[in-house]
Amino acid sequence: MTKLLDLMQDYNVILPNEFVSMARGISMIESVATTLDPKIDVMASIEPIVKEVMEERMNIKESLSNKKGSLVYYKNMLKTLPPLLTNSVHKINNGDMKLRFEIDRIDHIVSKFSLVVIIAALLMSSSITMTINRGPMLFDMPLIAVLGYIVTFILGAIAVANYIYSR
């Protein structure tokens, strides 16, 4: 198995990941098994299982009957892919292609974000005005700061209620 993998690497043959993983697993099993019992022939023991798995995964009849797995499907896809990619690259280079995102319920997201920004701004401005000792006072605090906190609390409560209600 190791010699086969080395040969394939020398000739730049790329194997699917399934084969590589299976080869690694078999070599690890073989290493452990021969350490425990030097007389064991691991390859002879697992050969029927490997054959069954490979036949199951590489079933050509099923692959040909399945439209997505058929050779004709892949052949047509490979024919159309290079011109499609070339066309796309040309459009990108010319600035003719634009990327468009569609976000469901964007108005809902924007309104929530706006509410969060307003609450944060009110909270910060109320905190800043708490340091000023001018103007009308309520309980030794500036009235405008107290009103800001009250509005922030109300908007926050509405946001939490909407969140709980929407779930």
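Before reading further, recall that the structure is shown in the block above.
Residues numbered from 1 in each chain as written. Predicted model: local features only at pLDDT ≥ 70, side-chain atom pairs only at ≥ 80, totals over all residues. Heavy atoms only, no water.

### A closer look at a nonpolar patch on the surface
Stated precisely, the cut-off is as follows: In this scheme, patches are assembled from residues that exceed 30% relative accessible area and form no salt bridge. Like charges are connected within 9 Å, while nonpolar side chains (Val, Leu, Ile, Met, Phe, Trp, Tyr) are connected within 5 Å. A 1.4 Å probe and the Shrake-Rupley method give the accessible areas. Residues count as covered only by the protein chains that appear here. The salt bridge definition used is simple: a Lys or Arg side-chain nitrogen within 4 Å of an Asp or Glu carboxyl oxygen. Each residue gets one of three labels from its accessible area relative to the maximum for its type: buried under 20%, exposed over 50%, partly exposed in between, using a 1.4 Å probe on protein chains only.
On the surface, L147, I150, F153, I154 and I158 cluster together into a nonpolar patch covering about 490 Å² of accessible area. Classification of L147 as partly exposed rests on a relative accessible area of 43%.

### Some words on the layout of surface pockets
Under the convention used in this document: Buriedness of a pocket was judged along seven lines, with at least five required to meet protein on both sides within 12 Å; pockets are open sets of points on a 1 Å grid over the protein atoms alone, cavities are sets where a 1.4 Å probe fits but cannot get out, and lining residues have an atom within 4 Å of a point. Grid points are joined across faces, edges and corners, and a volume is the space filled by probe spheres set on the points. The secondary structure listing takes helices from DSSP runs of H or I that are at least 4 residues long and strands from runs of E that are at least 2 residues long, numbered from the N terminus.
Quantified by volume, the largest pocket comes out at close to 200 Å³. Lining the largest pocket are H108, S111, K112, L115, V116, I119, A159, N162, Y163 and S166. Breaking the lining of the largest pocket down by element, the ones donating at least two residues are α6 (106-129) and α7 (143-166). Sort the elements by how many residues they give to the lining of the largest pocket and α6 lands first, with six residues.

### Examining α7
Side chains that are three or four residues apart share a direction in an α-helix, a result of its 3.6 residues per turn. As a reminder, the rule being used: A helix is expected to span 1.5 Å for every residue after the first. What makes two residues a contact is simply this: any of their non-hydrogen atoms within 4.5 Å.
For α7, spanning 24 residues, the distance from its first C-alpha to its last is 34 Å, which sits close to the expected 34 Å at 1.5 Å a residue. All of the buried residues in α7 are A145, V146, G148 and T152. On its buried face, α7 sits against α6, β1 (137-138) and β2 (141-142).

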